[in-house]
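# A structural walkthrough
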Amino acid sequence: MEGFFLYNQAEQLMEQYPLTVTETAKGRGALICITECGEKILKEYKGSAVRAEILHDVAEYLNKAGIKTDGIIKTTEGAFLSGSAEEGFYLLKDWYSGRECDTKSRDDILEAVAQLARMHQCLAQYDGQIPEGLFVSEQILIGEYERHTRELKKVRNYIRAKKKKNLFETKFMEHYSGYLTQAEEVEERLKEQAAHREESEWQQMYGLCHGDYNQHNILFRKEGIWIINLEQLHVDVQVSDLAHFMRKILEKHNWNTGLGMDMIRAYDKKKKLSAMECEQICFRLAYPEKFWKVANHYYNSRKSWVSGRDIEKLDKVTGQEKERQQFLEMLFHFVR
């Protein structure tokens, strides 16, 4: 049913904008509209009107600074959202066709990292009003990891209590203790960093972040690179974006140490990394996020039968562990 209202009420929604639509095409939960002012995309929006205004202002700021992104179109009445509380709210944005970042291409990956650093530099200078609700503290990350670790223990306890274990459960228990140690070590090191940080250096790490920097939100066009879909924008340690992107890429490249270090260098070349920022990247990549994710999916699904996909994912995670640890050793050595 996703996008049902959007597709069936598109004409009514588009009447709220100062544009003439000549053609439409369905996207995933969105509607691409051909207008006299170029292609636009109408998509459902779950946030507040205040947040939509921030997204509009930040997009305008980035585009003026030469960091290309998809701007938000205001309605005829100057509102940032169309629709209603009853039927849902929608954003109309500029839409660009382009080639997504190719996760198999080292050149694409490194260019995407360099563009992320440029965007972070630019966003660090943004002086517009940002509501308190968009700020993320270090305690939120620590709390998130603590919650994940508790969930890992819950899965362990559930499996341990079973008399007969299936293949997934047997494999999980074989690897559990090592990943639990990793999780608890990361939590302790994050707490230690937070307790002994220099406030001025800590504040310098903070700024607006994309919030979901991945290959699907990076478009390569003739004119350059577009960074799109800023809906998860928030204020945090900016290298959280880099760590998120690195994890996604390195999982696809079997934690290739050379590629990982090249990504760090590509970012550092455009925006110098401090020792504390490097530590943050290390901690975020050292937490066994993928192991937790696979375990959590298993625990929250129907456990009367074992999913072959869950076993495949668990095998992939554990099969990459040697290479992952080699990369992390290199990364921690780089930090020291």
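Scroll up to find the structure this text is about.
An account of the accompanying structure is given in this report. If you're wondering where the values come from, they're calculated on a predicted model, not measured in any experiment.

Analysis parameters
Residues numbered from 1 in each chain as written. Predicted model: local features only at pLDDT ≥ 70, side-chain atom pairs only at ≥ 80, totals over all residues. Heavy atoms only, no water. Axes fitted to C-alpha atoms, helices over the stretch in contact; angles between N-to-C directions. Helix = DSSP H or I, 4+ residues; strand = E, 2+ residues; numbered from the N terminus. Left-handed = near helix turned anticlockwise from the far one by under 90°. Contact = heavy atoms within 4.5 Å. Nonpolar A, V, L, I, M, F, W, Y, C, P; charged D, E, K, R; others polar. Pairing = 2+ DSSP bridges. Parallel < 35°, antiparallel > 145°, perpendicular 65-115°, else oblique. Expected span 1.5 Å × (residues − 1). Buried < 20%, exposed > 50% of the residue type's maximum accessible area, 1.4 Å probe, protein only.

Two elements in contact, helix α6 (residues 167–196) and helix α11 (residues 289–300), have axes separated by 12 Å at closest approach and are oriented at 145°. You can see that α6 and α11 cross each other, and the crossing is left-handed. Of the residues in α11, those in contact with Phe168, Glu169, Phe172, His175, Tyr176 and Tyr179 of α6 are Phe291, Val294, Ala295 and Tyr298. For the contact of α6 with α11, the residue count by class is eight nonpolar, one polar and one charged.

The subject of this paragraph is the sheet that holds strand β6 (residues 99–100). With antiparallel pairing, three strands are arranged side by side in an open sheet as β6-β8-β9. Among the strands making up the open sheet, the edge pair consists of β6 and β9 (224–227). Bridge analysis of β6 against strand β8 (residues 218–221) gives two bridges, and the strand direction is antiparallel. Within β8, the residue paired with Arg99 across the bridge is Phe220. Against the sheet, helix α4 (residues 106–124) touches β6, β8 and β9, its axis set at about 65° to β9.

Before going further, it helps to examine the packing of α6 against helix α10 (residues 275–286). If you want to describe how two helices pack, look at the angle between their axes and the distance between the axes. The N-to-C vectors of α6 and α10 enclose an angle of 155°; their axes lie 9 Å apart at closest approach. Here α10 runs roughly antiparallel to α6, going by the angle between their axes. You can see that α6 and α10 cross each other, and the crossing is left-handed. Residues Gln182, Val186, Arg189, Leu190 and Gln193 of α6 lie in contact with α10, whose contacting residues are Met276, Glu279, Gln280, Phe283 and Ala286. Looking at the contact of α6 with α10 residue by residue, the classes come out as five nonpolar, three polar and two charged.

Bridge analysis of β8 against β9 gives four bridges, and the strand direction is antiparallel. Paired with Phe220 across the bridge in β9 is Ile225.

A separate point is helix α5 (residues 138–160). Helix length check: α5 (23 residues) gives 33 Å between terminal C-alpha atoms against 33 Å at 1.5 Å per residue, within 8%. For α5, every residue scored as buried is listed here: Glu138, Leu141, Ile142, Tyr145, His148, Thr149, Leu152, Val155, Arg156 and Ile159. At its buried positions, α5 is contacted by α6, α7 (199–205), β7 (206–209), α10 and α11.

The next point concerns the sheet that holds strand β2 (residues 30–35). With antiparallel pairing, five strands are arranged side by side in an open sheet as β1-β2-β3-β5-β4. Edge positions in the sheet fall to β1 (21–26) and β4 (82–84), since each has one partner strand and no second. For this sheet, the mean angle separating the axes of adjacent strands, direction not counted, is 20°. Where β2 meets strand β3 (residues 38–45), six bridges bridge the pair, whose relative direction is antiparallel. Counterpart to Ala30 in the pairing with β3 is Lys43.

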